[in-house]
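Take a look at the letters that make up each chain.
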Amino acid sequence: ERRWGHLTALDLAQLAQLSYFECNKIEDILTRAFPLSQATMVNCSNNFSFPRTVVFDFLHPGDGNHTRIISYKGTSGPRDANVDMILWSTIKVFQWLSTVIPVLNMMHTDQIQWMITRAHIPGQVGAEELFWNKTITRLKDKIEGWQGHVVLTGH
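Cut-offs applied
Residues numbered from 1 in each chain as written. Predicted model: local features only at pLDDT ≥ 70, side-chain atom pairs only at ≥ 80, totals over all residues. Heavy atoms only, no water. Helix = DSSP H or I, 4+ residues; strand = E, 2+ residues; numbered from the N terminus. Rg over C-alpha atoms; globule rule 2.2 N^0.38 Å. Buried < 20%, exposed > 50% of the residue type's maximum accessible area, 1.4 Å probe, protein only. Contact = heavy atoms within 4.5 Å. Areas by Shrake-Rupley, 256 points an atom, 1.4 Å probe, with all protein chains shown as cover. Lys, Arg positive; Asp, Glu negative; His and termini not counted. Charge placed at Lys NZ, Arg CZ, Asp CG, Glu CD. Disulfide = S-S within 2.5 Å. Polar contact = N/O pair within 3.5 Å; in protein donor to acceptor, adjacent residues only side chain to side chain. Phe/Tyr/Trp six-rings, centres within 6.5 Å; stacked < 30°, edge-to-face > 60°.

Undergrad: Describe the overall build of the protein, listing the residues and the values that go with them.
TA: When helices and strands are counted, the protein shows six helices and four strands. Shown N-terminal to C-terminal, the secondary structure of the protein runs as helices and strands in the order α-α-β-β-β-α-α-α-α-β. Against the compact-globule benchmark of 15 Å for 155 residues, the protein has a radius of gyration of 19 Å, which places it well outside the compact range. Taken over the C-alpha atoms alone, the protein extends approximately 55 × 35 × 30 Å along its principal axes. Out of the 155 residues in the protein, the part that is buried amounts to 34%. Contacts in the protein between residues far apart in sequence, at least 24 positions, make up 54% of those at least 6 positions apart. By element, 59% of the accessible surface of the protein is carried by carbon and sulfur atoms, the whole surface being about 10,000 Å². The distance from the centre of the 14 positive side-chain charges to the centre of the 14 negative ones in the protein is 4 Å.

Undergrad: Lay out the state of the cysteines with the relevant residues and their values.
TA: As used in these notes, a disulfide is a covalent bond between sulfur atoms, one from each of two cysteines. In the structure shown here, the tally under the stated rule is one disulfide. Sulfur-sulfur distance for the disulfide between Cys23 and Cys44 comes to 2.0 Å. Note on the Cys23 and Cys44 pair: the S-S dihedral is about -85°, so by sign convention the disulfide is left-handed. Here Cys23, found in helix H2 (residues 23–33), pairs with Cys44, found in strand S1 (residues 38–44); they are 21 residues apart in sequence, far enough to count as distant.

Undergrad: Which residues make up the environment of Arg32, and what values do they have?
TA: Looking at the secondary structure, you find Arg32 in helix H2. We classify Arg32 as exposed; its relative accessible area is 60%. A distance of 3.0 Å separates a polar atom in the side chain of Arg32 from a polar atom in the side chain of Asp28.

Undergrad: Describe the packing of aromatic side chains, and please don't skip the residues or the numbers.
TA: Counting across every chain of the model gives two aromatic pairs. Ring geometry for Phe34 and Phe58: centres 5.2 Å apart, planes at 80°, overall edge-to-face. In this pair, Phe34 is assigned in the loop between H2 and S1 and Phe58 in strand S2 (residues 53–59), connecting sequence segments 24 residues apart. Each member of the pair Phe34 and Phe58 is classed as buried. Aromatic side chains Phe131 and Trp132 sit 4.8 Å apart centroid to centroid with 75° between the ring planes, which places their arrangement in the edge-to-face category. Residue Trp132 is classed as partly exposed on the basis of its relative accessible area of 38%.

Printed below as a string of structure tokens:
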């Protein structure tokens, strides 16, 4: 059984689910869901921010094995669905085509990357780069100075 600190995969799924709740309700649910843990909600972004994240710290004083969980909310509204379509539509088309013509199985990775770059809608590459750069910057901010394990979760 894989564990992250004292947390299991089911615990991570439960924490991912919490990212769908309002910030003012998460702390109470967290206390009831993990009554034996020293769990706290450290940060909760606005429910309408993209990507929406909630940061939890689990402190384990006995062994000093502290764990920070960063939970990402998945697709739950039109804006989320639009971003998902932009980020994943090209590869989904290639995966679908591979059921008819095994494009992805026959070609080298660099050739597939070239095809994906050519298939992008103008401006989409810049939007994707902006999204990923902002996401990485925010992630670095959330883990700066943390002295334990960091785990990302979400659905």
